[in-house]
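Listed below are the residues making up each chain.
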Amino acid sequence: MYRPIAFLGALTLASVPVSAAAPGSAPALPAIAGAVAPMPEISAPIGLLIDVNSGRVLFERQSHRRFVPASLTKIMTSYVAFELIDQGKLQLGQTFTMKPETFAKWHGVGSTMFLGNNSQTTVADLLEGIVTVSANDGCVVLAEGVAGSVPGFTAMMNAEAKKLGMRDTHYNTPNGWMDEGQTWVSAADLAKLSMALITRHPALYKRFYGHHQATLGGITQNNHNPLYGHTEGADGVKTGFTNEAGYGLVGSATRNGRRLMMVVGGYDRPNDRAQQSRALIEWGFAAWSSHPLYKAGSRLGSAAVQGGEDTGVDLVAPHDFALTLPAGTAGRPTLAIRYKGPLRAPIAKGQQVATLLVRIPGQPEEALPLVAANDVAKGGVIARLRNGFLSMAGR
């Protein structure tokens, strides 16, 4: 069952971090001066714009509709690699071989980093090629090097998708090349994946994403992301195109600590994708205001744990939290923590285990993830006996 909602009270949004106060004691937000920017025309059949710090959806069109992702697939390919690197199971300096049979199948097919037959390439260079120049050959070499085969690697991709709750996603290839519709995603799932990529692996994201061009094997190629060089703060994420999928983009930009995440898919022309995606993200920054709540790592509460070495775990913000409102809006929020408990051990540090609910009159309720501040191992016999006695004692 769900634990009762614990209200943290009304908050003033004038400073960061914001401290909880007694309900009804916080002043209303001041209205924000200035005209609200008009919503641009977006002709893409699929679209989504999210303010990451608040989780608020600013624009949505068929965000759960399944579609063919083309090279947007490579976001998950890099995510799997980042997970393995952080776990110590994959090293950036490792080299993988372009096998003759792989060379015969993928040499010169679509976007490429021109890997030679029997060539040795480091994981770092493969990731640079995958992320920046959308290298189809690099994806397959990485997949075979990590898992021994493409099916083995796509099984890892699907396992990570399941962990992230990507319910409208299935991967059959590591590079998104046309496969008769066996690979599909949704805009909502791509946004969820991209936010996990950034928040779980900030150092690796900064190292490999946001590059306007890359020189690999003596060949310089440009990144096709239409936000780069045009949109202030743009640092990702990935473009995609095949005749089957059309033109798509997962785009992201940060300004003054505020991050917007955008997904558009199904454009017939690259110019429409470029112009409309730039206009959409600019509208997101101009037409909506962000009010900081908590910094990343802030402790917001704790949750009871059953069957663990510890009887509880602290709940922290995985990234900066904010409240997003239409420009010119006034109001006063209340916050509440909800979790399905008691939580059951084992629990991993960084695992989402609770939700912060943000409410303001006249606005949709927002739900932000709260994660475990530390690992909680499954308890042994002594720990379980101790916890049982504490429970009976009401502690």
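Rules and cut-offs
- Residues numbered from 1 in each chain as written.
- Predicted model: local features only at pLDDT ≥ 70, side-chain atom pairs only at ≥ 80, totals over all residues.
- Heavy atoms only, no water.
- Helix = DSSP H or I, 4+ residues; strand = E, 2+ residues; numbered from the N terminus.
- Buried < 20%, exposed > 50% of the residue type's maximum accessible area, 1.4 Å probe, protein only.
- Contact = heavy atoms within 4.5 Å.
- Areas by Shrake-Rupley, 256 points an atom, 1.4 Å probe, with all protein chains shown as cover.
- Phe/Tyr/Trp six-rings, centres within 6.5 Å; stacked < 30°, edge-to-face > 60°.
- Core = buried A, V, L, I, M, F, W, Y, C linked by side-chain atoms within 4.5 Å.
- Salt bridge = Lys/Arg side-chain N within 4 Å of Asp/Glu carboxyl O.

**Let's talk about the overall build of the protein chain**
For the protein chain, the helix and strand inventory stands at 9 helices and 18 strands. Counting the 395 residues in the protein chain, one finds 51% classified as buried. Considering only contacts in the protein chain between residues 6 or more positions apart, those separated by 24 or more positions represent 66%. When the accessible area of the protein chain is evaluated, it comes to approximately 17500 Å², of which 52% is carbon and sulfur surface.

**Some points on the packing of aromatic side chains**
For any pair of aromatic rings, geometry is given as the distance between the ring centres together with the angle between the planes. Under the counting rule described, the total for this entry stands at 5 aromatic pairs. Between Phe 82 and Tyr 209 the ring centres are 6.5 Å apart and the planes differ by 85°, which places this aromatic pair in the edge-to-face class. Here Tyr 209 lies in the loop between α7 (202-208) and β6 (213-216) and Phe 82 lies in helix α1 (residues 74-86), a separation of 127 residues in the sequence. Per residue, the accessibility class of Phe 82 equals that of Tyr 209, and both read buried. Put simply, the rings of Phe 82, Tyr 205, Phe 208 and Tyr 209 touch in pairs and so form one group of aromatic residues.

**Things to note about the nonpolar core**
The biggest cluster of nonpolar side chains holds 55 residues, and the ones touching the most others in it are Met 76 and Tyr 209. Setting aside chain neighbours within four positions, we find Met 76 in contact with Met 157, Glu 160, Ala 161, Met 166, Tyr 171 and Leu 193. One finds Tyr 294, Val 313, Ile 337 and Val 353 within the second-largest nonpolar core, a separate group that totals 26 residues.

**Thoughts on the side chain of Glu 83**
As for its placement among the helices and strands, Glu 83 is situated in helix α1. Sequence-distant contacts of Glu 83, defined by excluding residues within four places in its chain, comprise Glu 160, Arg 200 and His 201.

**Some points on the pattern of salt bridges**
Evaluation of the coordinates by the stated rule reveals 12 salt bridges. A salt bridge links Arg 200 to Glu 83; its shortest N-O distance comes to 2.8 Å. Of this pair, Arg 200 sits in helix α6 (residues 187-200) while Glu 83 sits in helix α1, placing them 117 residues apart in sequence. For Arg 200, a relative accessible area of 41% translates into the label partly exposed. Of the charged contacts, one joins Glu 282 and Arg 255 as a salt bridge, the two residues approaching to 2.7 Å between their closest N and O atoms. With a gap of 27 residues between them, Glu 282 in helix α8 (residues 270-287) and Arg 255 in strand β9 (residues 246-255) connect regions that are remote in the sequence.

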